[in-house]
Every structure is written in C-alpha cells, then in structure tokens.
Amino acid sequence: MKISPSRFMAATAACLTLSAAGAFANPYVVNCDEGDLLQDALGKAAGSAKLIEINVYGTCYEDLRFSRDDVRIYGDGNTTIVGTARFFSAKGVWFEDVNFTGPGDGLRIVDGRIRLIRSHISGNIGDGILVTQNGTINLTGCFVEHNSGAGIVLNNASTRIRNTQVTNNGADGIVVTNNAALNFAGGGINYHENGFGIRASNSSSIDLSDTHIGVSNPVGIGLSLGSTGITDNSYANANAEIGILLETNSALEFNGGGISWNGLYGAYARSHSTLSLSGVSVDNNAAHGIVVESDAALFAGDGTRVEYNTAGDSVQIECRDKESSIDIDGSVVVTPPMINCPDPDF
C-alpha cells in the first residue's frame, strides 16, 4: 500500500510529539544515592521552555550549572547537594527542602532569580550564598550557618528573606554592597565571631522588621559610604563592641525594639551620618548609650529611653565635637540624665 507524502509527514509529526512528551514528562525523579545526576535531568529538558519539576533524593556530589528558567526542585529534607550550584541569568528556579554544602560557595547567582524554601546552606568552605549583577534570591524558613566565609553576600543584588536564621558564619552574616538591597523579616542574624551581623556599604540599603541581630564581633549593624536603612521592632543586642555603627554619610531609622547589652556603645554615628530613634530602648551597654562624632546627628522621640549605660562618667549620650548635634523631644527619657553635647535641643 502506498502512503502519500502528506500522510507520512503527519504520522511522523505525531510520533515526534509523543516522543517529546515522554522526554519532557514531569516530574523527573533523581536518586543520587543510586547514581543519578541532577545535572543530567536538567540536560534532558534542554530546548524546552516549559516548567520542569524534579524530585531529588539522597546526596548529590556534583557542581551544578543552571542557565534556563522555570525549574522546581523538591527534596525531602535530607536531600543534599555537595558542590556549588551556579546560576547564570536563570529565572524562576525554586528549591524546597534541599541542603547545600561543599568545598566552595554554596550558591553563586549571576543575574538570576532564585528562591529557597525550608533549605539549609551550611558548611560551605566559601560563602553560603553569593549574588551579583542584579541577581535576586528569596529565602523563606531557611538556615544559613557554619559557612567559612560570609553567610550571604549581595553585590549589586537584592534579597527578600522571611523567617530565616543566619548564624555562626566565619565572616559577616550578611554583606550588602554596591547598590544592593536587603529586606529581612523574622528570624535572626547572630553569632558571628569574626565579622558584622550586617555590613552595608556603597549606597546600599537595608529594611529589617521583627529581626534580632546580635552576638557578633565587633558590630551588629554597620552602614557606611552613603548607605541607608530602616528597622521596625528589631534588636541589636550583645554584640562585642557596638550595636549600631553609622559612617560616611549613612543614615538609619530605628523604630521600636532595642539596642542593649553591647560591649562598648549602643550606637555610634560619625562622619556626616544620621541616626533617628523612635520608641527605642538603648540600655545596659558597657560604655555610652549613644555617641555622635564628626558632624553626625541624632534625632530621638516617641518615648525613646537611653538609660543605665555604664560608662565610668555615666554619660548616656556624648557628642565628641562641636559639629555634631542631637535633637530630642520631651518624650525621651535619659537616666541618669547626663548628656555631653553642646546645647542639646529638648
């Protein structure tokens, strides 16, 4: 029987369609303990623009490269990637219940859009997460801890973090630099013995709420070189030297919460920087509660309390030059009422 060319082409197209559907069936299953490779699963979907879903089990000893969009990877809580996951302009990549550890950085993101949910980034020899070139990473319910470098580095990048703990990293907890932006709500940034809790520089910004930043050496939150920040109901407590450090034309609004039990000063603003406090308790710091220096300024109101800081001279607020100033409204409590500033405005 003869088959017309048109019928042959139609049959061939149908076969190709069925073959493609089988090749790109979702979800894929990868069991690294049985020798499967996650990178192979990503390669099977090369050329497809559809959403890929992959269920991954076991421990995967491999460096990964993501260059395509719309990938969902689901672990079981014990799923672990030992190696560096690299993302190059990959958008819509999503991990749930996956752990990242290994001999380099945990994740390196270049102009990508990545999301982590209930994941651990721990024990990496480099940084836990490095994001550059307008990249973005969102974390929800994660742990970033015990990495040899910084926990998270944002270099001209941004992140939105919710209910996450960034703890016990070898350098700074979170670095925000070169027009980067940090938005952090819930959880904490604690126990960094060799760095700041948060270090923001070079026109970067931070936005914190319901967050504890503490037990870092030397500083809890540091802003420099034209950086800005706002906090709501957050705490900078028990840092080795300074709870809040503002330098070189930086500014921070600290609303609610407290700055307490730091090893030297509660807050220190210098070099044309501005600290604004609203409803904050600055107490029990080992030296002065607040210091302003080198044309810096302090504004305080809405029931802010600066008290029981234990400098030998009992000065709670100190201005270290005539160019620096404070503006305090009548609701502010200073105990003992000792302020060393020229003509403080009450």
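Since we're looking at a predicted model, the values are computed, not measured.

### Brief notes about the overall build of the protein chain
Within the protein chain, the regular secondary structure consists of 2 helices and 34 strands. Taken over the C-alpha trace, the protein chain has a radius of gyration of 26 Å; the compact-globule value for 346 residues is 20 Å, which it surpasses by more than 25%. The 346 residues of the protein chain split such that 51% are buried. For the protein chain, the share of sequence-separated contacts (at least 6 apart) that also reach a separation of at least 24 residues comes to 34%. For the protein chain, the computed accessible surface area is about 14400 Å², with 51% contributed by carbon and sulfur atoms.

### Digging into the side chain of S250
Note on placement: S250 falls in the loop between β23 (242–246) and β24 (251–260). On the basis of relative accessible area, S250 is assigned to the buried category, the value being 2%. Within the local environment of S250, its side chain forms a polar contact with the backbone nitrogen of S227, the two atoms lying 3.2 Å apart. If sequence neighbours within four positions are ignored, S250 has contacts with L223, S224, L225, G226, S227, H272, S273 and T274.

### Description of the pairing of strand β25 (residues 265–270)
Of all 6 residues in β25, 5 are buried, a share of seventy percent or more. Pairing geometry for β23 and β25, over 4 bridges, is parallel. Bridge assignment links I242 to a residue of β25, and that residue is Y265. With 4 bridges joining them, β25 and strand β28 (residues 290–293) adopt parallel strand pairing. Note that in β28 the partner of A267 across the bridge is I290.

### What to know about the nonpolar core
The biggest cluster of nonpolar side chains holds 76 residues, and the ones touching the most others in it are F66, F95 and I129. In terms of residue count, the dominant contributor to this core is strand β7 (residues 91–101) (4 residues). Leaving out residues up to four positions away in the same chain, F95 has contacts with F66, I73, I81, F87, F100, I114, R115, L116, I117 and S119. Residues V219, Y268, A287 and V291 belong to the second largest nonpolar core, which totals 8 residues.

### Section: a negative patch on the surface
Together, D33, E34, D36 and D40 line one region of the surface with negative charge. Structurally, D33 is set in the loop between β1 (28–31) and α2 (38–44). Classification of D33 by relative accessible area gives exposed; the value is 58%.

### Points about the side chain of T132
Positionally, T132 belongs in strand β11 (residues 129–132). Aside from chain neighbours lying at most four places away, what touches T132 is I109, V110, D111, N155, N156 and A157.

### What to know about the packing of aromatic side chains
Each aromatic ring pair is summarised here by two numbers: the centre-to-centre distance and the angle between the ring planes. Taken as a whole and judged by the stated rule, the model has 5 aromatic pairs. Between F66 and F95 the ring centres are 5.8 Å apart and the planes differ by 75°, which places this aromatic pair in the edge-to-face class. Residue F66 is located in strand β4 (residues 64–66), and its partner F95 is located in strand β7; the two are separated by 29 residues in the primary sequence. Of the two residues, F66 and F95, both sit in the buried class. On the numbers, 5.5 Å between centres and 80° between planes, the contact of Y265 with Y268 is edge-to-face. Comparing Y265 with Y268, the two get one shared label, buried.

### Concerning the state of the cysteines
Evaluated as defined, the whole model comprises 2 disulfides. Between the sulfur of C32 and that of C60 lies a disulfide, 1.9 Å long from S to S. In this structure, the disulfide formed by C32 and C60 twists by about 85° around the S-S bond and is classed as right-handed. In this pair, C32 is assigned in the loop between β1 and α2 and C60 in strand β3 (residues 59–61), connecting sequence segments 28 residues apart. Assigned by exposure class, C32 and C60 land together as buried. Here C319 connects covalently by a disulfide to C341, the sulfurs 2.0 Å from one another. Residues C319 and C341 are joined by a disulfide whose S-S torsion is about 85°; by sign, that bridge is right-handed. Here C319 is found in strand β31 (residues 317–319), whereas its partner C341 is found in the segment after β34 (339–340), with 22 residues between them in sequence.

Procedures and definitions
Residues numbered from 1 in each chain as written. Predicted model: local features only at pLDDT ≥ 70, side-chain atom pairs only at ≥ 80, totals over all residues. Heavy atoms only, no water. Helix = DSSP H or I, 4+ residues; strand = E, 2+ residues; numbered from the N terminus. Rg over C-alpha atoms; globule rule 2.2 N^0.38 Å. Buried < 20%, exposed > 50% of the residue type's maximum accessible area, 1.4 Å probe, protein only. Contact = heavy atoms within 4.5 Å. Areas by Shrake-Rupley, 256 points an atom, 1.4 Å probe, with all protein chains shown as cover. Polar contact = N/O pair within 3.5 Å; in protein donor to acceptor, adjacent residues only side chain to side chain. Pairing = 2+ DSSP bridges. Core = buried A, V, L, I, M, F, W, Y, C linked by side-chain atoms within 4.5 Å. Patch = residues over 30% accessible without salt bridge, like charges linked within 9 Å, V, L, I, M, F, W, Y side chains within 5 Å. Salt bridge = Lys/Arg side-chain N within 4 Å of Asp/Glu carboxyl O. Lys, Arg positive; Asp, Glu negative; His and termini not counted. Charge placed at Lys NZ, Arg CZ, Asp CG, Glu CD. Phe/Tyr/Trp six-rings, centres within 6.5 Å; stacked < 30°, edge-to-face > 60°. Disulfide = S-S within 2.5 Å.

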